[in-house]
Amino acid sequence: MLNLQPYADPQYFIILLLALVPLAIGLYFGKRLAWYEVLVSLVFIFLMFDGKKYHEGIALITYMIWQWLLVWSYTLYRKKYNQTWVFYVTTILAILPLVLIKIAPVVHWLQVTTLLGFMGISYLTFRSVGMVMEIRDGSIQEFNPWLFLRFMLFMPTISSGPIDRYRRFVTDVEKAPTRDKYLDMLGKSVKYLFIGFLYKFIVSHVLGTVLMPNVERMAIISAHAQGGWSWWIVAYMYIYGLNLFFDFAGYSMFAVATGYVMGIEVPMNFNLPFLSKNLKEFWNRWHMTLSFWFRDFVFMRLVFLMMKKKWFKSRVTTSNVAYIINMLIMGFWHGLKWYYIAYGLFHGIGLVINDVWLRYKKKHHVPHNKFTNALAIVITFNVVMVSFLLFSGLLDKIWFQR
Amino acid sequence: MLKKRGLWWIFGPVVLAFVMVTALFLAPFSLSYLSNKDIQKASVSFSKNVFKGESVKMAAFNNSKTNYVPFFGSSELLRLDSMHPSVLAAKYRRNYQPFLLGQAGTESLSHYLGMQEMTPALHKKQAVFIISQQWFTKRDSKWAFPQFYSPLQTVNWLRNIKTITPTDRFIAKRLLEQKQITDNSFYTRLVTKIKNNEPLSETDQSLLILRNRMLLREDQLFSNFTVSNNWDRQVEPALKSLPKTDNVSLLEREAMKVAKQQTGNNEFGIQNSFFRMRVKPSLKKLENSQSHFDYRQSDEYSDFQAVLQEFAKENTDVLFIIQPVNRKWSKYTGLSTKRYYQSVDKVKKQLKSQGFNQIADFSHDGGQKYFMQDTIHMGWRGWIAADTEIKPFFARGYQEPTYHINDNYLSKKWQNLVPIDNNLKNFK
């Protein structure tokens, strides 16, 4: 049976782009063929989850019914009342499937994984939880079941993001772009597709498929021979970190490019993150839709909550605590492994130190020139690479799985 | 001004790129050029791309300057010490030069598929095949298959099938157990046809020709991409250290000298560096760790049969070399010598009963000093012993063999047969 995994091989792009031609012609002439868009999306989603992956398809349908009912009933509720506990319960229920999926491998609930698991569950959860929060804020007031489904199941971004926002998505999807605008989007789409090819199929192939397995093997063998450490680990760190970027950035480029062809301005996910001068800037350039989501729906809300309840006197303490909790949650989201959590903690503490330094810099007029800029970039890059080494789980293999 | 670009400005370059790539892939002429030096490097490169591909291998076997001959094997081939067959052949300008095919993890199924890309090099030619008993494990014997698999092998195999034999059906069944095949609906469909004894249609054949051309072009363009320096870094220095004349006792003396220098940090006669890196960290854990190892029952026996059938089909004149295990090491790890010898007997029965009579069996020599370079791989004096068989084999040249293939060796019954007492004798 034909099964198509998104952006996996050249054939996929040919099939996808051919399928999108009628939609693109419509948009070129200023008309959005909504029914065709939905049809193509459904066919491609079906082809992602058919054959041996049918159980993922069933899980996706179940999951969508669950979220659909939750968001719908919460909208209805919110029109009349606004009790905090209802909001919390709704949020928890929206996150529940994802939480179960993350716990399942740790406690060996195999059935839970087959019953609820499908590729992209975390990205769909971000979207629906974001909606619940905006409904609570009152910035989303109406529940449109049709637009809800189109937003949640937007095919180009279904499995790995970027994470769009409902209100932004709806303004795009309800109209067709002007011809000039659409031509501009098509031009960008071609550019992103080809950058994506370079990133994912060439650079990431060399780093991840050709180099990484060998370096990983050498790192493990020589670390075992030398009591837990070897310079191969450093080589692995850079290769893994760079590959993480090129693989994911390439993937995101494909998703954005496909979105553009469909006349939707899917937000960008990466903006040259390795040129960041500090850790805060890094998170504004790395996996941007995720970190902005965390900023808006975790960090900001934590800060408001702590200020309202006056838990801490100083604003600095408040934001520091929020940084650490925010990053810890992100660590947990990656999976219940010590190294993901350590990765989150690393970045939480990193952001705190970063803030201390920025305040110190402001006060003491630290010299600022081209050289310090370059130094800042080098330091940030290496700090990030160390965090990715943690994230990779190699240290876990070397130290704890002998 | 740039704002007013039309569709052609956007898609023109893309269309042009597609046209150019298609032209490149379907052009009816070869795009690879390999110098003699490139081939020499490739012959000891252990590059996976070379193993998986066709163009470099065939360039080597068609080389007019050097008579490259296939040496099939696995990890022992990587032991490029000064007595290695590649070094000896180069040093004494023998009438052959090994082209090494295999590395850690290549077993019969990988070899069988690899052969499909070089049938002209096997047809009425000579070859050496080194067997490791470690291939014949009860479970997980195909762990390395994905690393050595390429679609080009499957395409060539399918194209080579004229009438469907039991071996073809067996291989089809084996391939359908591999994710690399089942992930691709095109290959799955065709391989399933072979399994069900249905001949491929005309359309299938034409599609295969098209695929073959594209994959071959990809192979020509990329398979020599990963350059290896083994020849310059390992073979060249070894050539300098060897005695001037091709003489066994001089070689033995040199081997003793080199091996003595390189061993000594352990009681097993294992090369120092190997011991330090691979054994010492878990030495305690390895004690008695192989007491349950058993090579007597394995589906590998039938994969091996497919290889034999291919040799028979091409009338290849083959010398089989059976590799020993390091006796001191196997004692330490508790490997049962009795069961090990029985598995060797089983392989030999399979060979001899079908007319493959050229067998250099070193399975009993694992206790000889400096015969093994490490735990399970021949080195120094082991290579010299092998050379006493390899050298005359090529010196006498090709001799037409008579093989009689018995398809019962493809059966579960043979795979699971315990090679004791009369079991072997009675199997027909």
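Residues numbered from 1 in each chain as written. Chains lettered and ligands numbered in written order. Predicted model: local features only at pLDDT ≥ 70, side-chain atom pairs only at ≥ 80, totals over all residues. Heavy atoms only, no water.

A short note on the overall build of chain B
- On a plain count of helices and strands, chain B comes out with 23 helices and five strands.
- Relative to its length of 428 residues, chain B is compact, with a C-alpha radius of gyration of 23 Å against a globular reference of 22 Å.
- A principal-axis box enclosing the C-alpha atoms of chain B has dimensions of 80 × 50 × 50 Å.
- Out of the 428 residues belonging to chain B, those deemed buried represent 55%.
- When the accessible surface of chain B is totalled, it reaches about 19700 Å², and 54% of it is carbon and sulfur.
- Here chain B contributes 60 positively and 38 negatively charged side chains, and the mean placements of these two sets differ by 4 Å. (Helix = DSSP H or I, 4+ residues; strand = E, 2+ residues; numbered from the N terminus. Rg over C-alpha atoms; globule rule 2.2 N^0.38 Å. Buried < 20%, exposed > 50% of the residue type's maximum accessible area, 1.4 Å probe, protein only. Areas by Shrake-Rupley, 256 points an atom, 1.4 Å probe, with all protein chains shown as cover. Lys, Arg positive; Asp, Glu negative; His and termini not counted. Charge placed at Lys NZ, Arg CZ, Asp CG, Glu CD.)

Looking at the packing of aromatic side chains
- This model, assessed by the stated rule, comprises 94 aromatic pairs over all chains.
- With a centroid separation of 5.9 Å and an interplanar angle of 25 degrees, the aromatic rings of phenylalanine 197 of chain A and phenylalanine 201 of chain A are classed as stacked. Remark: phenylalanine 201 of chain A and phenylalanine 197 of chain A occur in helix α9 (residues 179-225); sequence separation between them is four residues, near one turn of the helix.
- The exposure class of phenylalanine 197 of chain A is partly exposed, given its relative accessible area of 23%.
- One cation-aromatic arrangement involves lysine 57 of chain B over phenylalanine 51 of chain B; the distance from NZ or CZ to the ring centre is 5.6 Å. (Phe/Tyr/Trp six-rings, centres within 6.5 Å; stacked < 30°, edge-to-face > 60°. Lys NZ or Arg CZ within 6 Å of the ring centre and 35° of its normal.)

Let's talk about the packing of helix α3 (residues 54-80) of chain A against helix α6 (residues 121-137) of chain A
All names here are of chain A.
- For the pair α3 and α6, interaxial distance at closest approach is 10 Å and the crossing angle is 5 degrees. By the criterion of interaxial angle, the relationship of α3 to α6 is roughly parallel. Here Leu60, Tyr63, Met64, Gln67, Val71, Tyr74, Thr75 and Arg78 of α3 come into contact with α6, specifically with Ile121, Leu124, Thr125, Ser128, Met131, Val132, Ile135, Arg136 and Asp137.
- Among the residues forming the contact of α3 with α6, the class breakdown is ten nonpolar, four polar and three charged. (Axes fitted to C-alpha atoms, helices over the stretch in contact; angles between N-to-C directions. Parallel < 35°, antiparallel > 145°, perpendicular 65-115°, else oblique. Contact = heavy atoms within 4.5 Å. Nonpolar A, V, L, I, M, F, W, Y, C, P; charged D, E, K, R; others polar.)

A closer look at the sheet that holds strand β4 (residues 317-322) of chain B
All names here are of chain B.
- Ordered by their spatial adjacency, five strands build an open sheet running β2-β1-β3-β4-β5, and the pairing between neighbours is parallel. Strands at the two margins of the open sheet, each flanked by one partner only, are β2 (97-101) and β5 (359-361). Sheet twist, expressed as the average angle between the axes of neighbouring strands with direction ignored, equals 20 degrees.
- Bridging between β4 and β5 involves three bridges; their strand directions are parallel. Bridged to phenylalanine 320 within β5 is isoleucine 359.
- Contacts from helix α20 (residues 337-352) reach β3 (126-131), β4 and β5 within the one sheet, and its direction differs from that of β5 by about 170 degrees. (Pairing = 2+ DSSP bridges.)

Considering the packing of helix α6 (residues 108-115) of chain B against helix α10 (residues 166-175) of chain B
Residues and elements named next belong to chain B.
- Two elements in contact, α6 and α10, have axes separated by 12 Å at closest approach and are oriented at 120 degrees. Considering only the axes of α6 and α10, their crossing is left-handed. Contacts between α6 and α10 pair Leu109, Tyr112 and Leu113 from the former with Thr167, Asp168, Ile171, Arg174 and Leu175 from the latter.
- Broken down by class, the residue content of the contact of α6 with α10 amounts to five nonpolar, one polar and two charged. (Left-handed = near helix turned anticlockwise from the far one by under 90°.)

Things to note about unusual backbone geometry
- Cis geometry marks the peptide bond from glycine 161 of chain A to proline 162 of chain A, where omega comes out at 0 degrees.
- Within the fold, proline 162 of chain A resides in the loop between α7 (145-152) and α8 (166-173).
- Although it is not a glycine, asparagine 197 of chain B adopts a positive phi angle of roughly 65 degrees.
- Among the secondary structure elements, asparagine 197 of chain B is positioned in the loop between α12 (185-195) and α13 (202-222).
- Owing to a relative accessible area of 43%, asparagine 197 of chain B belongs among the partly exposed residues under this scheme.
- Even without being glycine, tyrosine 370 of chain B reaches a positive phi, approximately 55 degrees.
- Inspection of the secondary structure puts tyrosine 370 of chain B in the loop between β5 and α21 (380-396).

A closer look at the environment of tyrosine 33 of chain B
Residues and elements named next belong to chain B.
- Mapping tyrosine 33 onto the fold places it in the loop between α1 (7-26) and α2 (36-43).
- Of the residues examined, tyrosine 33 reaches a relative accessible area of 70% and is grouped as exposed.
- When the C-alpha atoms of tyrosine 33 and serine 55 are compared, they prove to be 9.8 Å apart, with 22 residues separating the residues in sequence.

What about the interface of chain B and chain A?
- Listed as interface residues are 14 residues of chain B and, on the opposing side, 14 residues of chain A.
- Taking both sides of the interface into account, the surface hidden between chain B and chain A amounts to around 1300 Å²; carbon and sulfur atoms contribute 67%.
- Inspection of the region where chain B meets chain A yields zero salt bridges.
- Between chain B and chain A we count zero residue pairs in polar contact (both at pLDDT 80 or more) in total. (Buried area = accessible area lost by both parts, 1.4 Å probe. Salt bridge = Lys/Arg side-chain N within 4 Å of Asp/Glu carboxyl O. Polar contact = N/O pair within 3.5 Å; in protein donor to acceptor, adjacent residues only side chain to side chain.)

Remarks on α2 of chain B
- By the burial criterion, the buried members of α2 of chain B are Ile39, Lys41, Ala42 and Ser43 of chain B.
- Summarising the contacts, the buried residues of α2 of chain B are in contact with α4 (55-61), β1 (68-72), β2 and α14 (230-241) of chain B.

Notes on a nonpolar patch on the surface
- Taken together, the side chains of Ile14, Leu18, Val21, Ile25, Phe29 and Phe194 of chain A together with Phe18 of chain B define a hydrophobic patch exposed on the protein surface, amounting to about 700 Å² of accessible area.
- Per-element accounting of the nonpolar patch gives the leading share, four residues, to helix α1 (residues 10-28) of chain A.
- Along the chain, phenylalanine 18 of chain B turns up in helix α1. (Patch = residues over 30% accessible without salt bridge, like charges linked within 9 Å, V, L, I, M, F, W, Y side chains within 5 Å.)

Quick look at α20 of chain B
- Taking 1.5 Å per residue as the helical rise, α20 of chain B with its 16 residues ought to reach 22 Å, and the 22 Å between its terminal C-alpha atoms agrees with that figure.
- Listed as buried for α20 of chain B are Tyr340, Tyr341, Gln342, Ser343, Val344, Lys346, Val347, Lys348, Lys349, Gln350 and Leu351 of chain B. (Expected span 1.5 Å × (residues − 1).)

Here we look at the pairing of β2 of chain B
Residue and element names in this part refer to chain B.
- Within β2, five of the five residues are buried, which leaves the element mostly enclosed by the surrounding structure.
- As paired strands, β1 and β2 are joined by five bridges and run parallel to one another. Bridging from a neighbouring strand, phenylalanine 71 pairs with leucine 100 of β2.

Side note on the confidence of the model for chain B
- Averaged over every residue, the pLDDT of chain B is 92; residues scoring 70 or more account for 97%.
- The ipTM for the predicted assembly is 0.71, set against a pTM of 0.77. (pLDDT = per-residue confidence, 0-100.)

Considering the layout of surface pockets
Residues and elements named next belong to chain A.
- In this structure, the second largest pocket spans a volume of roughly 1000 Å³.
- Looking at the second largest pocket, it is lined by 30 residues, and the ones nearest its centre are Thr91, Ile95, Met133, Phe297 and Val298.
- Of all the elements in the fold, those that place two or more residues in the lining of the second largest pocket are α4 (84-107), α6, α12 (288-308) and α13 (315-334).
- In terms of residue count, α4 provides more of the lining of the second largest pocket than any other element does, ten residues in total. (1 Å grid on protein atoms, 1.4 Å probe; cavity = no way out; pocket = protein on both sides within 12 Å on 5 of 7 lines; lining within 4 Å. Points joined across faces, edges and corners; volume = space filled by probe spheres on them.)

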